[in-house]
Amino acid sequence: MRREGTDPNNVQMADVLCDFCHRSWTDDLPLIEGHHGSCVCGFCVTAAYRSVSLDEKDDGIAGYTCTMCLEQRSDPCYRSADHPDAFICRRCIKLAATALEKDDASGWRRPM
């Protein structure tokens, strides 16, 4: 997501926010971009991975729309506690985790 008032012709790192926690993108905060400018940060990927992939927690939400892929889904998802309209499906969690792991500069590691 973009900070309100962002100049679309001059987007700065601080203008890019995680849809799930609204942290600003920084050199120390890895971010994955989804469709239409949706973003999830490394902290939220970690929380989502722990919740859905490790704990196999299902928030019991039927027919939600994933913030990252924009698809209507029925599989387990992570829902932001701070922003309850932000969901990420299991498939997007796994894709984001794989992408972050491949980026050595991010320092991100899959939770165990």
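Residues numbered from 1 in each chain as written. Predicted model: local features only at pLDDT ≥ 70, side-chain atom pairs only at ≥ 80, totals over all residues. Heavy atoms only, no water.

### Quick notes on the overall build of the protein
Stage number 1. Helix and strand counts for the protein stand at 2 helices and 6 strands.
Stage number 2. Of the regular secondary structure in the protein, the N- to C-terminal order runs β-β-α-β-β-β-β-α.
Stage number 3. Expressed as lengths along the three principal axes of its C-alpha atoms, the size of the protein is roughly 40 × 30 × 20 Å.
Stage number 4. In the protein, which comprises 112 residues, the proportion classed as buried is 45%. (Helix = DSSP H or I, 4+ residues; strand = E, 2+ residues; numbered from the N terminus. Buried < 20%, exposed > 50% of the residue type's maximum accessible area, 1.4 Å probe, protein only.)

### Re the side chain of Ser80
Stage number 1. Turning to its location among the elements, Ser80 is positioned in the loop between strand E5 (77-79) and strand E6 (87-89).
Stage number 2. Polar contacts involving the side chain of Ser80 include one to the main-chain amide nitrogen of His83, which spans 3.0 Å.
Stage number 3. The contacts of Ser80, once residues within four sequence positions are left out, are Phe20 and Ala86. (Polar contact = N/O pair within 3.5 Å; in protein donor to acceptor, adjacent residues only side chain to side chain. Contact = heavy atoms within 4.5 Å.)

### Focus: the nonpolar core
Stage number 1. In terms of nonpolar packing, the biggest core is built from 32 residues, with Phe20, Val40, Cys66, Met68 and Ile88 touching the most fellow members.
Stage number 2. If you list the elements that add at least two residues to this core, you get strand E1 (31-33), strand E2 (39-41), helix H1 (42-54), E5, E6 and helix H2 (90-102).
Stage number 3. Filtering out sequence-adjacent residues up to four positions away, Cys66 remains in contact with Glu71, Arg73, Phe87, Ile88, Cys89 and Cys92. (Core = buried A, V, L, I, M, F, W, Y, C linked by side-chain atoms within 4.5 Å.)

### As for the packing of H1 against H2
Stage number 1. The contact between H1 and H2 brings their axes to 10 Å, and the two run at 130°. As far as their axial angle goes, H2 and H1 are oblique. Crossing of H1 against H2: the hand is left-handed. Every residue of H2 that contacts H1 at Gly42, Val45, Ala48, Tyr49, Val52 and Ser53 is listed here: Arg90, Ile93, Lys94, Ala96, Ala97 and Leu100. (Axes fitted to C-alpha atoms, helices over the stretch in contact; angles between N-to-C directions. Parallel < 35°, antiparallel > 145°, perpendicular 65-115°, else oblique. Left-handed = near helix turned anticlockwise from the far one by under 90°.)

### Observations concerning the state of the cysteines
Stage number 1. Counted according to the given criterion, the structure contains 0 disulfides.
Stage number 2. Free of any disulfide, Cys21 has its nearest neighbouring cysteine sulfur in Cys44, separated by 3.7 Å.
Stage number 3. No disulfide involves Cys41; its sulfur sits 3.7 Å from that of Cys21, the nearest cysteine.
Stage number 4. Of the residues examined, Cys41 reaches a relative accessible area of 0% and is grouped as buried. (Disulfide = S-S within 2.5 Å.)

### Concerning the environment of Ser51
Stage number 1. Of note, Ser51 is situated in helix H1.
Stage number 2. For the pair Ser51 and Tyr78, spaced 27 residues apart in sequence, the C-alpha separation works out to 6.8 Å.

### Comments concerning H2
Stage number 1. Look at H2: 19 Å from first C-alpha to last across 13 residues, which is about the 18 Å you get at 1.5 Å a residue.
Stage number 2. Against the buried residues of H2 lie E1, E2, H1, E5 and E6. (Expected span 1.5 Å × (residues − 1).)

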